[in-house]
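Summary of structural features
Each chain is listed here by its residues.
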Amino acid sequence: MRQTDLIILAAGKATRVRTTRPKALHAIAGRPLLAHVMTAAQSLDISRVVVITGPQMAPVEDLVRRQWPDAIIARQQKALGTADATRIGLEVLGQGLPDSMTLVLYGDTPLIEPKTLQRLVAAIKNGAQVAVLAFRARDPAGYGRMIHDETGAFVAIREDADATEQERAIDLCNSGIMAFGSKTLRNLLPHIGNRNAACEFYLTDMIGAAVAEGLKVKSLECREDEVVGVNTQADLARAGEIMQNRLRAHAMAGGACLIAPETVFLCVDSQIGHDVVIEPHVIFGPGVVLEPGVVVRSFSYLESTTIGRDAQIGPFARIRPGTQIGVEAHIGNFVEIKNSQIHTGAKIGHVAYIGDSEVGERTNIGAGAITCNYDGLSKHRTLIGKDAFVGSNSSLIAPVTIGEGAYIGSGSVISRDVAPGALGLSRARQVEKPGFMTRFLTRGSKAKS
Ligand code: UD1
Ligand code: CA
């Protein structure tokens, strides 16, 4: 069995995305581009992996260390081209087994699927020395073109900037994803020069070099939506859209009803059960789990939360990290919940803020109720027992505990614990002055005349 080494190139500058943040960290569906590439590769049988980063890319290196602790990180001080970056990778790998192969992935090609990578690996296992993944581009501008000779043999990749008018008309493009017999890569890479429009060392020149040596070179085709390269913000948006469509399709295949799927934005880790209904315009941050039967109404925003079976959320609800919503709970419009446990069947129907709290089973929180969880220095918890009732427009000043079955009168400001079964009330007594208005108005009209 051959050993497969992997080199991921992520040292390029973010020139065309025009951000100070490295391109590898731009996210689609809640996951950085480079993390998508690593995830796809992690499902292969990889022996050793090197990620090439550039100067000032410490956050990229942190991401690599978190996701792939065994990865070797190597820095390319100057972005001299993809062949130069690959050479650095080979250097840190040292000699591999004589019959090993090297897979090269670009950190800006996030949509690749494992089964397609496996096809490329298989091409090398079956005797090719170089294998390239190609695709038919809707708009080939900017991509390297796959050049075939008059016999139809694949003989070179021509970069866009170096291509003739005729070559630019070719729509079969290089995805950038390539695999090599490691020995061939080691032998030929040092001979690649930089006499081209960009004055860069192009990894793509490996094709011409291998053909000149009479080695077996193979190209495989895949769909464009697996290999869109992210160079600009527009590319990022397009890659994001393709990823969203995949995630939406996956959710629907699992039995979720997305009424207008193109308006629902998911994360790679969103877990959506069967019989879930998601109305239009819902946004998922990372870490959301919807158990079966949940209904999420329009314009809701969910992050790091688990929503229990048959619960209803929204419209216009914001569920923030650290929140668990129980089975059959109802969270209504303009409700914000943060870092709280809302138990089975609890109802928080309208305009409320619940933070750092626990709300017991079947408890009802009225409109406009607020937990005052922050005193300007630290956060405090509010504990509300089961079967309690918090009247509208109440402020619960944490830390505070409301006992099981207790009742808070509307408009109360509660700063002391309320015992189970008690009525907690804190509001000014109502005064009524009989006939006041009549006297007031009569005085007013006399003064005018
Ligand atoms: C590259 C290919 C092109 C292909 C396209 C597919 C080359 C020369 N061209 O072009 O044929 O159609 O990808 O998307 O390979 N990088 C480094 N160090 C460098 C230069 C680049 O690590 O010195 C990294 C980048 O961070 C990026 C990847 O290599 O992740 C590709 O580089 P990029 O400059 O984006 O190449 P393209 O012009 O897109
Ligand atoms: Ca690119």
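Below is a short write-up of the structure. (Residues numbered from 1 in each chain as written. Chains lettered and ligands numbered in written order. Predicted model: local features only at pLDDT ≥ 70, side-chain atom pairs only at ≥ 80, totals over all residues. Heavy atoms only, no water.)

Brief notes about the overall build of the protein
Secondary structure assignment for the protein yields nine helices and 36 strands. Its C-alpha radius of gyration of 31 Å places the protein more than 25% over the 22 Å reference for a compact globule of 449 residues. With the C-alpha coordinates of the protein rotated into their principal frame, the extents come out at 105 × 60 × 40 Å. Out of the 449 residues belonging to the protein, those deemed buried represent 48%. In the protein, the proportion of contacts linking residues at least 24 apart, taken out of those at least 6 apart, comes to 43%. Carbon and sulfur atoms form 53% of the exposed surface of the protein, whose accessible area is close to 21300 Å². Looking at charge distribution, the protein has the averaged site of its 48 positive side-chain charges lying 8 Å from that of its 45 negative ones. (Helix = DSSP H or I, 4+ residues; strand = E, 2+ residues; numbered from the N terminus. Rg over C-alpha atoms; globule rule 2.2 N^0.38 Å. Buried < 20%, exposed > 50% of the residue type's maximum accessible area, 1.4 Å probe, protein only. Contact = heavy atoms within 4.5 Å. Areas by Shrake-Rupley, 256 points an atom, 1.4 Å probe, with all protein chains shown as cover. Lys, Arg positive; Asp, Glu negative; His and termini not counted. Charge placed at Lys NZ, Arg CZ, Asp CG, Glu CD.)

Regarding the site of ligand 1
Surveying the vicinity of ligand 1 reveals 23 residues, the closest of which are Gln76, Gly81, Tyr106, Glu159 and Asn174. Contact between ligand 1 and Gly12: an oxygen atom at 2.8 Å from a main-chain N or O atom of the residue. Taken by itself ligand 1 offers 760 Å² of open surface, and the protein chains cover 92% of this. Taken together, the elements giving at least two residues each to the shell around ligand 1 come down to helix 3 (82-93) and strand 10 (172-181). Grouping the constituent residues of the shell around ligand 1 by class yields nine nonpolar, ten polar and four charged. (Near = heavy atom within 4 Å. Polar contact = N/O pair within 3.5 Å; in protein donor to acceptor, adjacent residues only side chain to side chain. Nonpolar A, V, L, I, M, F, W, Y, C, P; charged D, E, K, R; others polar.)

A look at the nonpolar core
In this structure, Leu34, Phe284, Leu290, Ile325, Ile331 and Ile342 are the most contacted members of the largest nonpolar core, which totals 95 residues. It is helix 1 (residues 33-42) that provides the largest number of residues to this core, a total of seven residues. Ignoring any residue separated from it by four or fewer positions in sequence, one finds Ile331 in contact with Gln312, Ile313, Gly314, Ala317, Ile319, Ile325, Ile337, Ile342 and Ile348. Ile7, Ala11, Ala74 and Leu93 belong to the second largest nonpolar core, which has 31 residues in total. (Core = buried A, V, L, I, M, F, W, Y, C linked by side-chain atoms within 4.5 Å.)

Quick notes on helix 7 (residues 205-212)
Those residues of helix 7 that fall on the buried side of the exposure criterion are Met206, Ile207 and Ala210. For helix 7, the buried positions fall inside an angular range of 105° around the axis, keeping them on one side. Against strand 7 (130-136), strand 9 (154-158), strand 10, helix 6 (182-188) and strand 11 (217-221) lie the buried residues of helix 7. Once helix 7 ends, the next one or two residues include Gly214, with phi positive near 75°. (Arc of directions from axis to C-beta.)

What to know about the sheet that holds strand 30 (residues 382-384)
Spatially, 14-17-20-23-25-27-30-33 is the arrangement adopted by the eight strands of the open sheet, whose pairing is parallel. Whereas interior strands pair on both sides, the edge strands pair on one side only; in this sheet they are strand 14 (271-272) and strand 33 (400-402). With three bridges joining them, strand 17 (residues 288-290) and strand 20 (residues 305-307) adopt parallel strand pairing. By the bridge assignment for strand 20, Val288 is matched with Thr305. (Pairing = 2+ DSSP bridges.)

Brief notes about the coordination of the calcium ion (ligand 2)
Within the protein, the atoms that donate to the calcium ion (ligand 2) are Asp108 (OD) and Asn231 (OD1), at distances of 2.2 to 2.4 Å. In this pair, Asp108 sits in the loop between strand 6 (101-106) and helix 4 (114-125) while Asn231 sits in the loop between strand 11 and helix 8 (233-253), placing the two residues 123 residues apart along the sequence. Take Asp108: its relative accessible area is 15%, and that puts it in the buried class. (Donors = N, O, S within 2.8 Å, 3.2 Å for Na, K, Ca; no water.)

Some words on the pairing of strand 4 (residues 48-53)
Most of strand 4 is tucked away: five of the six residues are buried. With four bridges connecting them, strand 4 and strand 5 (residues 72-75) associate as parallel partners. Within strand 5, the position partnered with Val51 by the bridge is Ile73. Regarding topology, helix 2 (residues 58-67) serves as the crossover connection from strand 4 to the parallel strand 5, and that connection is right-handed. (Right-handed = clockwise from strand over helix to strand, strands pointing away.)

Topic: the layout of surface pockets
There is about 1000 Å³ of room inside the largest pocket. Lining the largest pocket are 37 residues, and of these Arg16, Thr82, Asp108, Glu200 and Asn231 sit closest to its centre. A per-element tally of the lining of the largest pocket places strand 10 first, with three residues. When grouped by side-chain class, the residues that make up the lining of the largest pocket number 15 nonpolar, 15 polar and seven charged. (1 Å grid on protein atoms, 1.4 Å probe; cavity = no way out; pocket = protein on both sides within 12 Å on 5 of 7 lines; lining within 4 Å. Points joined across faces, edges and corners; volume = space filled by probe spheres on them.)

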